[in-house]
Amino acid sequence: ITNSGTETPTLWFEDVTTGDELPEVVKNPDTKQLVMYAGASQDFVAIHYDQNVAKEAGHPTVIIHGALKSAWLGELVTSWIGSAGRLLELDVQYRAIDFPGTPATCFGKVTDTRMEDGVGIVEVEIGLRNSEGATTTPGRALVSLPTRTTNS
C-alpha cells in the first residue's frame, strides 16, 4: 500500500508475454458445495442436488452447475490479475458435464497482449479440465492490466 491508499499492482502489463501460463486453481467440489451454491444462486434445478433425478437422466451422480464452473474460471483470472487488474470479458462454453467428488482444474494461457488507448489489454484462453484430462469448459477472458508507464 502506498501513501495514497492505492494498492501497488502485483501484475504489470509489461511483465506478461504471449504463452505465459496462469497458476492453476484446483477445485475439489462435493455435494455440500453444490447445495450451498444452489442456495446462493437460487438455482434449484434438481439434477444438481437430487441423486434420483440425476440417475434418471443417466448420470452416475448429481452434476456441477455450469455457472459454478464459470465462477471458478473467473476466480482463476481475477486471482492472477490482482486487484489492480480488471476483468473485461469472460466467455465460457459448457462442452461436458462435471461431477462432484473428482478434482476440477482451472487453467489458462495468455494468447495476446496489446496496448489500446494507453491501456494494457491481455487475452487469455481458459478452461476447466476434469480428472481424466479432458477440457469440459473451455473459454476466454479479456483483462486490462496497469502499465508501468502510466503509473510512474
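Relevant structure appears above.
Residues numbered from 1 in each chain as written. Predicted model: local features only at pLDDT ≥ 70, side-chain atom pairs only at ≥ 80, totals over all residues. Heavy atoms only, no water.

Enquirer: I'm lost on the overall build of the protein in this one. Help?
Expert: Within the protein one finds 3 helices and 5 strands. From first element to last, N terminus to C terminus, the protein shows the α and β order β-α-α-α-β-β-β-β. Along the longest, intermediate and shortest principal axes, the C-alpha atoms of the protein span 60 × 30 × 20 Å. Across the 152 residues that make up the protein, the buried fraction comes to 40%. Restricting the contact set of the protein to residue pairs at least 6 apart, pairs at least 24 apart contribute 68%. Looking at the protein as shown, the accessible area adds up to about 8200 Å², and 51% of this sits on carbon and sulfur atoms. If you average the places of the 11 positive and of the 20 negative side-chain charges in the protein, the two averages end up 3 Å apart. (Helix = DSSP H or I, 4+ residues; strand = E, 2+ residues; numbered from the N terminus. Buried < 20%, exposed > 50% of the residue type's maximum accessible area, 1.4 Å probe, protein only. Contact = heavy atoms within 4.5 Å. Areas by Shrake-Rupley, 256 points an atom, 1.4 Å probe, with all protein chains shown as cover. Lys, Arg positive; Asp, Glu negative; His and termini not counted. Charge placed at Lys NZ, Arg CZ, Asp CG, Glu CD.)

Enquirer: In this structure, what is going on with unusual backbone geometry? I would like to understand it.
Expert: Residues other than glycine predominantly adopt negative phi, and peptide bonds predominantly adopt the trans conformation. Located in the positive-phi region is Gln42, a residue other than glycine, with phi close to 65 degrees. In this structure, Gln42 sits in the loop between helix 1 (31-41) and helix 2 (51-56). A positive phi angle is found at Asp117, which is not glycine, with a value near 50 degrees. For Asp117, the location among the structural elements is in the loop between strand 3 (104-116) and strand 4 (119-129). Using a relative accessible area of 84% as the deciding quantity, one classes Asp117 as exposed.

Enquirer: Even after reading the chapter, I still don't get helix 1, so can you show me in this structure?
Expert: For an α-helix, the turn length of 3.6 residues means that residues three or four places apart are oriented alike. Looking at helix 1, one finds that the buried residues are Leu34, Tyr37 and Ala38. Summarising the axial view, the buried residues of helix 1 lie within an arc of 105 degrees, below the 170-degree limit, and thus occupy one face. Exposed residues pointing more than 90 degrees away from the buried face of helix 1 are listed as Lys32, Met36 and Ala40. Each element contacted by the buried residues of helix 1 is listed here: helix 3 (66-81). Directly beyond the C-terminal end of helix 1, a positive phi value near 65 degrees is found at Gln42. (Arc of directions from axis to C-beta.)

Enquirer: I would appreciate a short explanation of the side chain of His48 in the present structure.
Expert: Note that His48 resides in the loop between helix 1 and helix 2. Discounting residues that sit within four places of it in the chain, His48 has contacts with Leu34, Asp43, Val62, Ile63, Ile64 and His65.

Enquirer: Mind showing me how you'd approach the packing of helix 1 against helix 3 here?
Expert: Running from amino to carboxyl end, helix 1 crosses helix 3 at an angle of 95 degrees, the nearest separation of the two axes being 10 Å. When the axis of helix 1 is compared with that of helix 3, the two are roughly perpendicular. Contacts between helix 1 and helix 3 pair Gln33, Leu34 and Tyr37 from the former with Ala67, Leu68 and Trp72 from the latter. Classifying every residue of the contact of helix 1 with helix 3 by side-chain character gives 5 nonpolar, 1 polar and no charged. (Axes fitted to C-alpha atoms, helices over the stretch in contact; angles between N-to-C directions. Parallel < 35°, antiparallel > 145°, perpendicular 65-115°, else oblique. Nonpolar A, V, L, I, M, F, W, Y, C, P; charged D, E, K, R; others polar.)

Enquirer: Help me out: how do you make sense of the pairing of strand 4 in this one?
Expert: Regular strands have side chains that alternate between both faces of the sheet. Of the pairings in the sheet, the one linking strand 3 to strand 4 comprises 11 bridges and is antiparallel in character. When the sheet's bridge partners are listed, Thr105 is paired in strand 4 with Arg129. In this antiparallel pair of consecutive strands, strand 3 and strand 4, the connection spans 2 residues, and Asp117 shows a positive phi of 50 degrees. Note: strand 4 against strand 5 (residues 135-145), 10 bridges, orientation antiparallel. By the bridge assignment, Gly120 is partnered in strand 5 with Leu145. Where strand 4 hands over to strand 5, the hairpin turn is made up of 5 residues, of which Gly133 adopts a positive phi near 95 degrees. (Pairing = 2+ DSSP bridges.)

Enquirer: In this structure, what is going on with the sheet that holds strand 5? I would like to understand it.
Expert: For sheets, the rule is that strands pair by backbone hydrogen bonds, running either parallel or antiparallel. The sheet built from 5 strands is open, its strands ordered 1-3-4-5-2 with antiparallel pairing. One side of each edge strand has no neighbouring strand; the edge strands of this open sheet are strand 1 (25-27) and strand 2 (86-92). Here the average twist between neighbouring strands, direction ignored, is 20 degrees. Where helix 3 meets the sheet, it contacts strand 1, strand 2, strand 3, strand 4 and strand 5, and its direction lies at approximately 140 degrees from that of strand 4.

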